Amino acid sequence: MSVVLHWFLPTSGDGRTVVERFHANRSLGAAAPRDPDIDYLAQVAQAAERNGFVGVLTPTGTWCEDAWLTTAALLARTSTLKFLVAFRPGVISPTLAAQMAATYQRISRGRLLLNVVTGGDEIEQRRFGDWLDHDRRYARTDEFLHVVRAVWSGRPVDFDGEHYRVSGATVLAAPDPVPPIYFGGSSDAALPVAARRADVYLTWGEPPAQVAEKIGRVRELAGDRPIRFGVRLHTISRDTSAEAWREAEKLLEALDPAQVAKAQEQLRASQSVGQQRMLALHGGDLSRGVRGLEVHPGLWAGIGLVRGGAGTALVGSHEEVADLVEEYHAVGVEEFVLSGYPHLEEAFWFGEGVRPVLAARGLLADPAAAADPRTAPELSAPPETLSLGGS
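What comes next is a walk through the structure. (Residues numbered from 1 in each chain as written. Predicted model: local features only at pLDDT ≥ 70, side-chain atom pairs only at ≥ 80, totals over all residues. Heavy atoms only, no water.)

Looking now at unusual backbone geometry. Here D176 and P177 are connected by a cis peptide whose omega angle stands at 5 degrees. Position of P177 among the secondary structure elements: in the loop between β6 (165-169) and β7 (181-184). A cis geometry characterises the amide bond from Y341 onward to P342, with omega recorded as -10 degrees. Of note, P342 is situated in the loop between β13 (335-339) and α13 (343-360). One non-glycine residue, R109, lies in the positive phi region at around 60 degrees. Mapped onto the secondary structure, R109 falls in the loop between α3 (94-108) and β4 (112-116). Since its relative accessible area comes to 76%, R109 is described here as exposed. (Helix = DSSP H or I, 4+ residues; strand = E, 2+ residues; numbered from the N terminus. Buried < 20%, exposed > 50% of the residue type's maximum accessible area, 1.4 Å probe, protein only.)

Let's shift gears to the pattern of salt bridges. Within this structure, the stated rule accounts for 18 salt bridges. Across the pair R149 and D199 runs a salt bridge whose closest N-O atoms are separated by 3.2 Å. Linking R149 in helix α5 (residues 134-151) with D199 in the loop between α6 (190-197) and β8 (200-204), this pair joins segments that are 50 residues apart in sequence. R149 sits in the buried class, given a relative accessible area of 14%. A single network of salt bridges, built from pairs that share partners, joins R238, E247, K250 and E346. (Salt bridge = Lys/Arg side-chain N within 4 Å of Asp/Glu carboxyl O.)

With that settled, consider helix α10 (residues 273-282). Buried within α10 are the following residues: G274, Q275, M278, L279, L281 and H282. Down the axis of α10, the buried set is contained in an arc of 150 degrees. They therefore lie on one face. One or two residues past the end of α10 sits G283, with phi positive at roughly 65 degrees. (Arc of directions from axis to C-beta.)

Attention now moves to helix α2 (residues 67-74). Think of an α-helix as turning once every 3.6 residues; residues three or four places apart then point the same way. Every buried residue belonging to α2 is among A67, W68, T70, T71 and L74, and all of these are buried. Against α1 (38-50), β2 (55-58), β3 (82-87), α3 and β4 lie the buried residues of α2. Measuring from the backbone nitrogen of W68 back to the side-chain oxygen at the start of α2 gives 3.2 Å, which picks out D66 as the cap. (Contact = heavy atoms within 4.5 Å. Polar contact = N/O pair within 3.5 Å; in protein donor to acceptor, adjacent residues only side chain to side chain.)

Okay, here's the thing in structure tokens:
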């Protein structure tokens, strides 16, 4: 088992502090010095490709650019890079999603990965017209993924469930290869869906022991079904540990207590169990200082003071960061979705600093094999007519 590395595409903007994003943090009084225009995003994507990352995660939400359109525009600006496109199943039909993915896979010649985001923020979901509660959203996602995979078989599909009903659903041609499905969620409603439907289960960067416990739960639920595991983290890697921690301190010093308080108020309202687990790591306490927010050796929770979702960073020398990557790998993590501020420069710091250390330790996957979705678990063909009960 080896490590697969991905980077992140900052489609809400980028900058040298955590709050410098184009749209999402206007309420915090911040604006991005680097707008998410196609030329800057192409630079980030090309930096990721140059530094050996297999793919880039592109987020979804009203706070960023649309992931499908943005990444499709970047296909011509890159050669081998995969695009891990995040999307919300509750705002698109499963047949249309299957069609979009199949088309994308053909025009990109197999460079699509899919990140299914069920959604834990009720306010954000309602912006899209989605009024289901938390657990029912996951039940709907279960049906959604069942239909999508069935449609990808290339045969017409009939389905009658609680949330979706389709007749003769099909696509022009089945995608080849089938895009792997990445899926996250920490709640009791999410884990069984991940175990049934995901190729890669993603978790935010909790300490390794907590990640190991979550992996164990998903493996138990999955039984004999093969599933891989990934973690979403930020990185601050430098030639020396002191330099890296100084960079973390700069990020912390740029935060205003009022910004932190407002961000924490917004984040505490989230229904996401994973988000609440992130908040518990730091408690919203800016006064703890940079090293007081180190929640595991080399794992820093300061980013989560103002940023939703992934709120922890690997901090240290290149060797120390590689050590922590290896520690996650030892508990079952194979894929790492990484990012840093700014994303352009940090892609080079990690790619030129940490990646050679991982390669020397024999931890890196063969780039061609890692980039090929056909290495994902085999999918069984569904019957002609499908039916699914409640989750």
